[in-house]
Amino acid sequence: MRFIQKAALCVLFPLGMLDAQSLGGGTLQGVIKDPSGGVVPQATVTVINRVSNYRRSVLSDSSGAYRVSNLPPNSYHIEVEAPGFAHSDQDADVRGTVPVELNVRMELAGSATTVNVEDHGDELVENVPYAHTDVDTRMLALLPTTSPGSALSDAVMLNTGAVAADSNGFFHPLGDHAQTSFSIDGQPVGDQQSKTFSTQIPLNALQSLELITGAPPAEFGDKTSLVVNAVTKSGLGLPRAMGSFEGQWGSFGTYSEESTFAFGTPKVGNFIAANAIRSGRFLDTPERVPLHAIGNNGTVFDRFDYQPSARDALHLNLFWARNWFQVPNTYDQPVQDQRQKSLTFNIAPGYQHTFGSKTVLTVNPFVRRDWVNYYPSSDWTADAPATIGQRRTLTNWGVKSDVAYASGRHNLKVGLQLMQTRLNENFSFGVTDPLYNSVCVDDNGDPQAAPGVIDPAACAVSGLAENPSLIPGLIPFDLSRGGKPFQFQGASNVNQYAFYVQDSIKFGNLSVQAGLRYDVYRGLVEDSSIQPRIGLSYLLKTTGTVFRGAYSRSFETPYNENLVLSSATGVGGLAANAFGAASVPLKPGNRNQYNAGLEQSFGKFFFASADYFWKYTDNAYDFGTLFDTPIAFPISWRKSKLDGVSARIGTPNIRGFQWYTTMGHTRARFFGPETGGLVFNNDVGGDAVFRIDHDQAFQQTTNIRYQKGSYGPWVSFTWRYDSGLVAGAVGGLDDALGLTGAQQAAIGFYCGGFRPGVGAPLTSAQCTPSNYGATLIRIPKEGAENDDTNPPRVAPRHVFDIAVGTENLLKRENYRVTLKFAITNLGDKVALYNFLSTFSGTHFVTPRAYQAAVGFVF
């Protein structure tokens, strides 16, 4: 009876561990037999990955057959138990869609345990040519979430070493701005998933994540600094209906609900997740105290599975999401009422057919659409320095299909991807501050309002001088001088075609991954690229060490958000009409990337991995923002050179205890001039070399957690350290004195014993080259600033989070009551993510916040 109860608990482990056909993951299958060759029904087959904490169990049927599907790509340890038989241990690699056959012959009880595994801790390392991190849903549930509506971004940032954290749940992978591709059950998503651009799938819809930071396999293209390979949950094969509901309350008027429900049979299953959250600090704010920062988010994800036969499987993913938020104000903009609303829908069916035992065809069509509306204040005089409105849509549709073949030492995949992105952009803009682009200046060069003056020659009449920095093109759109708003309407289609072939080949302990990808890009410009990729890894079994190295060439495509406006030239373009500058359509970039690394296991209780990367890109991308708004425009620079190291050390699950630390270092050097798009907040030009604002010398995340039993009480502690992103706006005293009082206060600026105030900036009367400084940014010594070797940076910060809870308060089997209490930024650290960043402006780290949750699982 105890064995039956144990098996039942394993089968029903968490809702995320649901059996499904292999769409989105891999499959492990086989037959359990006794010593005479007879079948063993009702044997418990448990699949385990000790590093990611993944665990799943199924029972063999009346013919002794078992099938574990929807498995994330990984190495697994398999345990088999049955009454009257000895325990059996096996190992298997599941890397593709072709089912892996693992037949097990059980020995009678009293015989020696059947073991077909190595004894050097090899299960803690993976013999694959690319660096990656595997994250399971159980690990995700215990991580702190600090950015409402961006839990997926938080999970990626906390689990990947070479990722620099930025505001609003945004992150910079391996020195790039946002070169991240998502693959969700095989659907490619290369557009921005940050909440200031769009929406993202909720964490409780995901079963697992594979975060690829090394050389990307050939099946992945578009944006490849980081590939997030996600497998969603499914209801197929459930023995009974299962679900969960959790209500949460927190600081800043934050409250939310998260709910899931799943049901199924061996042929039909459905899983749905519905979430909603409201917060008084939805976006990170430019002042430590939130001003005008309310927002809300709602998401619904549904996955329907149908398996008409053992060789055919279909699924349908449906996703709807909505963000609405106020744009946070600064003390310099106290009465603005700018807001943004984003809507997303996604429809992604999938079909898979198995030919024999070695070949699988997968077809994934999809359509996804974003609507983004940015609303100015109803009274344009409340907006400063400009009033801005936007309506844009982004529709991405297409199909990705491949044939996988596994035989002997080969695991081959051949596929194609056809995709179109339809862009429609409407934009309005008008200057509201007469001092922003003043026509006249006084004798000291300070801007003067000069009401009604639109002709610089008229300045002398008022005893003033012409402004040498005047942008004449802005005058017709200066509402404070009787102008009218600039209006832009544009649309374009971006057609992309890709063909790829890749093969993973095993030569004993040597693994080779060879691939070739061909991309065609036809949008505002046309280009194509052939991309060879090759990687090697070798497992030295005597020491439990994996050595790896790789080369990859990739074809980096421009960001689609506001691409038409940023690339518009001539009549009707913002650059030419308003700013008197040329705008150049953005072109795809070409990258050469080299990786070298290793993994090391120390017995069965400790592991370490490290990876060095070097990337050279012609035509490197970034974003520029319009003033302090979330409206951003893609831009490109002549080239970039990025290199760095990522590392991870930790333990597997040891009797409920688990620890990991990720670390990263990145040098992100960009080379002018700008080669495409618009730049509003930065004057870098020519052939200058500079560290871009996603360069960070060091970051690390440490997570320690302990849980008693499978669902017992638990405690989790997280320590995040960031040495500071580049903050190029304040390179010396003159730059600091050019800030407003509120901006000076935001960086903790001081001159001796003098401190600024809102509306009362420090001036040269209080400040000298020897008595100034700042507490929240690091300003180089006077005359020592260098954009490449010694740029200003955000000050380093340590942020600690702690959480406690239980997953079975009442100790029941059929239903569980859960509790959770968390404190983020335990020490209430005052810190900045960035300051006047060309990408995102100014944002403070979230102050100390409390979260409490009560849940019910059945």
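Here the structure is a predicted model, which means the values were calculated and not measured.

Draft legend 1. The overall build of the protein chain, seen in detail. For the protein chain, the count of helices and strands is 7 helices and 48 strands. Scaling as 2.2 N^0.38, a compact globule of 858 residues should have a C-alpha radius of gyration of about 29 Å, and the protein chain matches this with 28 Å. Relative to its 858 residues, the protein chain shows a buried fraction of 59%. Taking the contacts inside the protein chain whose residues are at least 6 apart along the sequence as the reference set, 68% of them involve residues at least 24 apart.

Draft legend 2. Examining the state of the cysteines more closely. Scanning all chains against the criterion turns up 2 disulfides. Here the cysteine-cysteine linkages of the protein chain are recorded as 1-2, 3-4, numbering only bonded cysteines and doing so in sequence order.

Draft legend 3. Examining helix 3 (residues 151-159) more closely. A large share of helix 3 lies buried, amounting to 8 of its 9 residues. The set of residues buried in helix 3 consists of L152, S153, D154, A155, V156, M157, L158 and N159.

Draft legend 4. Here's a closer look at the pattern of salt bridges. This structure, assessed with the given rule, holds 23 salt bridges. Note that R339 and D337 form a salt bridge whose closest N and O atoms lie 3.6 Å from each other. You can call D337 partly exposed: its relative accessible area is 30%. One network of salt bridges, with partners in common, ties together R669, R691, D695, D788 and R793.

Draft legend 5. Up close: the sheet that holds strand 15 (residues 206-212). The strand order across the open sheet formed by 5 strands is 10-15-16-13-14, and the pairing between neighbours is mixed. The two strands at the open ends of the sheet, each matched to only one other strand, are strand 10 (132-136) and strand 14 (187-189). When strand polarity is set aside, the average angle formed by the axes of neighbouring strands in this sheet is 20°. Contacts between helix 3 and the sheet are confined to strand 10, strand 13 (180-184), strand 15 and strand 16 (226-232), with strand 15 contributing the most and set at about 45° to the helix.

Draft legend 6. Highlighting the sheet that holds strand 27 (residues 447-448). Strand order in the open sheet formed by 3 strands is 27-26-28, with antiparallel pairing between adjacent strands. For this open sheet the edge positions go to strand 27 and strand 28 (465-466), each flanked by a neighbour on one side alone. With 2 bridges connecting them, strand 26 (residues 440-441) and strand 28 associate as antiparallel partners. In the strand pairing of strand 28, C440 is matched with E466.

Draft legend 7. A look at a nonpolar patch on the surface. A contiguous nonpolar surface patch, about 690 Å² in accessible area, is contributed by F657, I704, Y706, V715, I802, V804, F821, L826 and Y850. At the level of secondary structure, the elements contributing two or more residues to the nonpolar patch comprise strand 38 (699-707) and strand 44 (797-806). Looking at the secondary structure, you find I704 in strand 38.

Draft legend 8. The environment of N49, seen in detail. By the element assignment, N49 lies in strand 2 (residues 44-49). By relative accessible area, N49 is classed as buried at 5%. Considering only alpha carbons, one finds N49 and P652, 603 residues apart in sequence, at a separation of 8.6 Å. When near neighbours in sequence (up to four residues on either side) are disregarded, N49 contacts Y54, N74, S75 and Y76. Side-chain polar atoms of N49 contact the backbone nitrogen of S52, separated by 2.8 Å.

Draft legend 9. Geometry of the packing of aromatic side chains. Applying the stated criterion across every chain yields a total of 24 aromatic pairs. Their ring planes at 15° and their centres at 5.8 Å tell us that F606 and W659 sit as a pair that is stacked. Of this pair, F606 sits in the loop between strand 33 (589-601) and strand 34 (607-625) while W659 sits in strand 36 (residues 657-677); the two residues are 53 residues apart in sequence, bridging distant segments of the chain. Exposure remark for F606: the relative accessible area of 26% places this residue in the partly exposed category. Members of the aromatic cluster, connected to one another through ring pairs, are F261, F263, Y815, F856 and F858. Above the face of the F282 ring, K195 is positioned so that its terminal group lies 4.6 Å from the ring centre. Seen from the ring of Y711, R816 lies directly overhead, with NZ or CZ sitting 3.9 Å from the centre.

Analysis parameters
- Residues numbered from 1 in each chain as written.
- Predicted model: local features only at pLDDT ≥ 70, side-chain atom pairs only at ≥ 80, totals over all residues.
- Heavy atoms only, no water.
- Helix = DSSP H or I, 4+ residues; strand = E, 2+ residues; numbered from the N terminus.
- Rg over C-alpha atoms; globule rule 2.2 N^0.38 Å.
- Buried < 20%, exposed > 50% of the residue type's maximum accessible area, 1.4 Å probe, protein only.
- Contact = heavy atoms within 4.5 Å.
- Disulfide = S-S within 2.5 Å.
- Salt bridge = Lys/Arg side-chain N within 4 Å of Asp/Glu carboxyl O.
- Pairing = 2+ DSSP bridges.
- Axes fitted to C-alpha atoms, helices over the stretch in contact; angles between N-to-C directions.
- Patch = residues over 30% accessible without salt bridge, like charges linked within 9 Å, V, L, I, M, F, W, Y side chains within 5 Å.
- Areas by Shrake-Rupley, 256 points an atom, 1.4 Å probe, with all protein chains shown as cover.
- Polar contact = N/O pair within 3.5 Å; in protein donor to acceptor, adjacent residues only side chain to side chain.
- Phe/Tyr/Trp six-rings, centres within 6.5 Å; stacked < 30°, edge-to-face > 60°.
- Lys NZ or Arg CZ within 6 Å of the ring centre and 35° of its normal.

These values are about where atoms sit, not about what they do.
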